[in-house]
Amino acid sequence: MNSKKNIGIALSGGGVRGISHLGVLKALNEAGIYPTRVSGTSAGAIVGTMYCYGYSPDEIFKIIKDTNYLKFLRPAISWTGLLKMDILQSLYGQYLGDNSFSNLKIPLTIATTDIGRGKAVYFSEGELILPLMASTCIPGMFDPIMVDGNFLVDGGVLNNLPVEPLDGVCDYIIGVNCNHLPEQLNITNIKKLIERTVIMSMNFNVYSRKNKCDFFIEPKGLARFGVFDIKKADEIFEAGYNETLTFIEGNKALQQLAIK
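Given the structure is predicted, the values throughout are model-derived calculations rather than measurements.

Asks: I'm lost on the overall build of the protein chain in this one. Help?
Replies: What the protein chain contains, in helices and strands, is eight helices and 10 strands. Taken over the C-alpha trace, the protein chain has a radius of gyration of 17 Å; the compact-globule value for 260 residues is 18 Å, and the two agree within 12%. With respect to the principal axes defined by its C-alpha atoms, the protein chain has extents near 55 × 50 × 35 Å. Out of the 260 residues belonging to the protein chain, those deemed buried represent 51%. Summed over its atoms, the accessible surface of the protein chain is roughly 12,200 Å², and 55% of this surface lies on carbon and sulfur atoms. Between the mean site of the 25 positive side-chain charges and the mean site of the 25 negative ones, the protein chain shows a separation of 3 Å.

Asks: Mind showing me how you'd approach the pattern of salt bridges here?
Replies: A side chain of one charge can pair with a side chain of the opposite charge if their charged atoms are brought near each other. Using the criterion set out here, one finds eight salt bridges in the structure. In this structure, Asp 114 engages Arg 117 in a salt bridge whose closest nitrogen and oxygen atoms are separated by 2.5 Å. Judged by relative accessible area, which is 48%, Arg 117 ranks as partly exposed. For Glu 235, the salt bridge identified is with Arg 224, shortest N-O distance 3.1 Å. Within this pair, whereas Glu 235 is found in helix α7 (residues 233–249), its partner Arg 224 is found in the loop between β10 (215–217) and α7, the two being separated by 11 residues in sequence.

Asks: Is there a simple way to think about the packing of helix α1 (residues 20–30) against helix α3 (residues 57–67) in this case?
Replies: When two helices pack together, you describe them by how their axes are tilted relative to each other and by the distance separating the axes. Two elements in contact, α1 and α3, have axes separated by 9 Å at closest approach and are oriented at 160 degrees. One element, α1, and the other, α3, form an angle in the roughly antiparallel class. Handedness of the α1/α3 crossing: left-handed. Contacts between α1 and α3 pair Leu 22, Leu 25, Lys 26 and Asn 29 from the former with Pro 57, Asp 58, Ile 60, Phe 61 and Ile 64 from the latter. Tallied by class, residues from the contact of α1 with α3 come to six nonpolar, one polar and two charged.

Asks: Help me understand α1, please; the structure alone is not making it clear to me.
Replies: Residues that lie three or four places apart on an α-helix share one face, since the helix turns once every 3.6 residues. With nine of its 11 residues buried, α1 lies for the most part within the structure. Among the residues making up α1, those that are buried are Ser 20, His 21, Leu 22, Gly 23, Val 24, Leu 25, Ala 27, Leu 28 and Asn 29.

Asks: Would you explain the packing of α1 against α7 in this entry?
Replies: Relative orientation of the contacting elements α1 and α7 amounts to 35 degrees, with a least axis distance of 6 Å. α1 and α7 meet at a crossing whose hand is right-handed. On α7, the residues touching Ser 20, Leu 22, Gly 23, Val 24, Lys 26, Ala 27, Leu 28 and Glu 30 of α1 are Ile 236, Phe 237, Gly 240, Tyr 241, Thr 244, Leu 245 and Ile 248. When grouped by side-chain class, the residues that make up the contact of α1 with α7 number nine nonpolar, four polar and two charged.

Asks: Teacher, can you tell me more about a nonpolar patch on the surface here?
Replies: On the surface, Ile 187, Ile 190, Leu 193, Ile 194 and Val 198 cluster together to form a nonpolar patch covering roughly 430 Å² of accessible area. Within the fold, Ile 190 resides in helix α6 (residues 190–207). Overall, Ile 190 belongs to the exposed group, its relative accessible area being 58%.

Asks: How do you make sense of the pairing of strand β1 (residues 7–11) when you look at a structure like this?
Replies: Successive residues of a regular strand alternate their side chains across the two faces of the sheet. The buried count for β1 comes to five of five residues, which makes it a mostly enclosed element. Covered by surrounding structure in β1 are Ile 7, Ile 9 and Leu 11 together with Gly 8 and Ala 10, the residues of both alternating faces. As paired elements, β1 and strand β9 (residues 172–176) share five bridges and run parallel to each other. If you follow Ile 7 over to β9, its bridge partner there is Tyr 172. Of the pairings in the sheet, the one linking β1 to strand β2 (residues 37–41) comprises four bridges and is parallel in character. Looking across to β2, one finds that Ile 9 is bridged to Val 38. For the crossover that starts at β1, traverses α1 and ends in the parallel β2, the hand is right-handed.

Scoring rules and cut-offs
- Residues numbered from 1 in each chain as written.
- Predicted model: local features only at pLDDT ≥ 70, side-chain atom pairs only at ≥ 80, totals over all residues.
- Heavy atoms only, no water.
- Helix = DSSP H or I, 4+ residues; strand = E, 2+ residues; numbered from the N terminus.
- Rg over C-alpha atoms; globule rule 2.2 N^0.38 Å.
- Buried < 20%, exposed > 50% of the residue type's maximum accessible area, 1.4 Å probe, protein only.
- Areas by Shrake-Rupley, 256 points an atom, 1.4 Å probe, with all protein chains shown as cover.
- Lys, Arg positive; Asp, Glu negative; His and termini not counted.
- Charge placed at Lys NZ, Arg CZ, Asp CG, Glu CD.
- Salt bridge = Lys/Arg side-chain N within 4 Å of Asp/Glu carboxyl O.
- Axes fitted to C-alpha atoms, helices over the stretch in contact; angles between N-to-C directions.
- Parallel < 35°, antiparallel > 145°, perpendicular 65-115°, else oblique.
- Left-handed = near helix turned anticlockwise from the far one by under 90°.
- Contact = heavy atoms within 4.5 Å.
- Nonpolar A, V, L, I, M, F, W, Y, C, P; charged D, E, K, R; others polar.
- Patch = residues over 30% accessible without salt bridge, like charges linked within 9 Å, V, L, I, M, F, W, Y side chains within 5 Å.
- Pairing = 2+ DSSP bridges.
- Right-handed = clockwise from strand over helix to strand, strands pointing away.

This is the structure in structure tokens:
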């Protein structure tokens, strides 16, 4: 790798839409652009963790499709959530070795939200899997994850594009958002209204950090896919890949980051 260029990449949350991050990473790698530091929230944390561990984007995509982690979730009989995530702990363990940030080949930061103290909490050392589970813990749907005595939930609640851990550390920052919202003038039902409102809030969270990025990649129209729409995985992956190919082709500054 080109040691003169420290390239950070921040990956947003977005459920299954986060599969597009794999397409983005594949296109970047094919162009000779390799992040030297990664930060991620929720789905972006899953992709980032697997990538930093050493899996290629194609390998991660195959693992996601083969395991279909949704089938491992089970009902949670509690007031805090509808589903439990604890069974995922062993699933992640199958792919992440000794469960430590120190085993990663690329430095990683995982963003979570401390629901009790109302603050973003970042993890980049120590135990890996619990912070990863916390970062993907959608409030109201899953039981919060306790880490160091604090209840943590999805990092996207407060920071859906965690560029802060990269700011001042990397020479260049690439931000990737997987929740682009297409224009829709006719909202036909309450479900679509709620979904659209949630995504608008997520994107405001992202766009407030956009000016911290040297490059911002946002595959078009991904918000039309549901958070758990795993059947559209191939289409989502291709959206990220094709958008990034176009972005690289039209951006000479990004091309300059390629390894020679």
